[in-house]
Amino acid sequence: MSLRIPGYLGTFWELLGDHLVMALGASLLGLVLALPLGLACVRWPRVYAPVLAVCSVLYSIPSLAFFVLLIAFTGISRTTVILPLAVYALAGLVPNVVDGLRAVPDSVRQSAVAMGFSTPRRLLTVDLPLAIPAVIAGLRVATVANISMVSVGALIGMGAFGALFTASVQLDRLDLAIIGIIATVVMALVVDAVLVLVQRLATPWMHRTSKVRR
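Residues numbered from 1 in each chain as written. Predicted model: local features only at pLDDT ≥ 70, side-chain atom pairs only at ≥ 80, totals over all residues. Heavy atoms only, no water.

Engineer: For this particular structure, what's the right way to read the overall build of the protein?
Structural biologist: Broken down by element type, the protein carries 9 helices and 0 strands. Start at the N end of the protein and walk to the C end: the helices and strands fall as α-α-α-α-α-α-α-α-α. For the protein, the spread of C-alpha atoms along the principal axes amounts to about 70 × 45 × 20 Å. Counting across all 214 residues of the protein, residues that qualify as buried make up 41%. Carbon and sulfur atoms provide 70% of the accessible area of the protein, an area that totals close to 11800 Å². Seen as two clouds, the 15 positive and the 8 negative side-chain charges of the protein have centres 15 Å apart. (Helix = DSSP H or I, 4+ residues; strand = E, 2+ residues; numbered from the N terminus. Buried < 20%, exposed > 50% of the residue type's maximum accessible area, 1.4 Å probe, protein only. Areas by Shrake-Rupley, 256 points an atom, 1.4 Å probe, with all protein chains shown as cover. Lys, Arg positive; Asp, Glu negative; His and termini not counted. Charge placed at Lys NZ, Arg CZ, Asp CG, Glu CD.)

Engineer: Could you clarify how one ought to interpret the packing of helix H1 (residues 12-43) against helix H4 (residues 78-102) in this entry?
Structural biologist: The contact between H1 and H4 brings their axes to 6 Å, and the two run at 40 degrees. Taken together, the axis directions place H1 and H4 in an arrangement best described as oblique. Every pair of crossing elements has a handedness; the one defined by H1 and H4 is right-handed. Considered class by class, the residues forming the contact of H1 with H4 number 24 nonpolar, 4 polar and 3 charged. (Axes fitted to C-alpha atoms, helices over the stretch in contact; angles between N-to-C directions. Parallel < 35°, antiparallel > 145°, perpendicular 65-115°, else oblique. Left-handed = near helix turned anticlockwise from the far one by under 90°. Nonpolar A, V, L, I, M, F, W, Y, C, P; charged D, E, K, R; others polar.)

Engineer: Even after reading the chapter, I still don't get the nonpolar core, so can you show me in this structure?
Structural biologist: Membership of the largest hydrophobic core comes to 50 residues, with the highest contact counts inside it found for Met22, Val81, Leu93, Val94, Phe161 and Leu164. Of all the secondary structure elements, the ones that give two or more residues to this core are H1, helix H2 (48-59), helix H3 (63-74), H4, helix H6 (119-149), helix H7 (162-171) and helix H8 (174-202). At 12 residues, H4 tops the list of elements feeding residues into this core. Discounting chain neighbours no more than four positions away, the residues touching Val81 are Met22, Phe67, Gly153, Ile156 and Met158. (Core = buried A, V, L, I, M, F, W, Y, C linked by side-chain atoms within 4.5 Å. Contact = heavy atoms within 4.5 Å.)

Engineer: Help me out: how do you make sense of the state of the cysteines in this one?
Structural biologist: All chains considered together, the criterion is met by 0 disulfides. No disulfide involves Cys41; its nearest neighbouring cysteine sulfur is the one of Cys55, lying 7.9 Å away. Cys55 gets classed as buried once you look at its relative accessible area, which sits at 3%. (Disulfide = S-S within 2.5 Å.)

Engineer: What am I meant to see in the pattern of salt bridges here?
Structural biologist: A side chain with one charge may pair with a side chain of the opposite charge, provided their charged atoms come close. Enumeration according to the criterion identifies 3 salt bridges in this entry. Note that Asp18 and Arg78 form a salt bridge whose closest N and O atoms lie 2.3 Å from each other. Taken together, the residues Asp18 in helix H1 and Arg78 in helix H4 connect sequence positions 60 residues apart. The shortest N-O distance in the salt bridge between Arg173 and Asp175 comes to 2.7 Å. (Salt bridge = Lys/Arg side-chain N within 4 Å of Asp/Glu carboxyl O.)

Engineer: Teacher, can you tell me more about the UniProt feature "transmembrane region" (unreviewed entry) in the protein here?
Structural biologist: Residues annotated in UniProt with the feature "transmembrane region" (unreviewed entry) correspond here to residues 20-39, 51-76, 82-101, 147-169 and 176-198. As annotated, residues 147-169 comprises 48% helix and 0% strand, and the C-alpha atoms at either end are separated by 21 Å. Secondary structure content for residues 176-198 is 100% helix and 0% strand, while the C-alpha to C-alpha distance between its ends is 33 Å. (UniProt positions renumbered as here; feature names shortened; annotations may be inferred.)

Engineer: Whenever I open this one, the environment of Arg173 confuses me. Can you help?
Structural biologist: Mapped onto the elements, Arg173 comes out in the loop between H7 and H8. Linking Arg173 and Pro45, residues 128 residues apart in sequence, is a C-alpha distance of 53 Å.

Engineer: It is not clear to me how unusual backbone geometry should be interpreted in this structure. Could you clarify?
Structural biologist: The phi angle at Asp172 is positive, at roughly 55 degrees, despite the residue not being glycine. Its place among the elements puts Asp172 in the loop between H7 and H8. The exposed category is assigned to Asp172, whose relative accessible area is 71%.

Here you go:
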């Protein structure tokens, strides 16, 4: 059994780079879109149900169909994979953003207002920092899902490690599929661990509080 990746697919590191760019790019774009949507849903509660319904409907669109529709506008490129995955991420990110913002105690908001904080300043320095745990929890789920779903892009020639799965069938080489699976799983575990670390670094007060309680 050979463990060499066919030259026409590129090197392992090239596939890794492409996979990370598409998966992380989709997650970050999804977060950028989810934050203002979540803020709007908290500010105007009546729009939450319609926004969530739209996100759920978009999430139900098969990824391959989404890719094919976008090819006419973005061609066979990373963008064609990133955009649908970013849209799918909204179904998980928007509820987490809303839940995180709603969990901020009213007493904390009132204290910020009493100290003269403007609405934008309170949002950036009080509300969003306190919502970080919920937001990153949603981001972790979305990112791991995106790392897996990028492989579907192989069906349009942009799947990074997903190309190993199609090549495995075409060349009758099971080892290529095994390499793809292991690489995807390890990548998901490492990225998830990095996001956990980011959360710890961004919320130091939570760990100080837990130590005091002990």
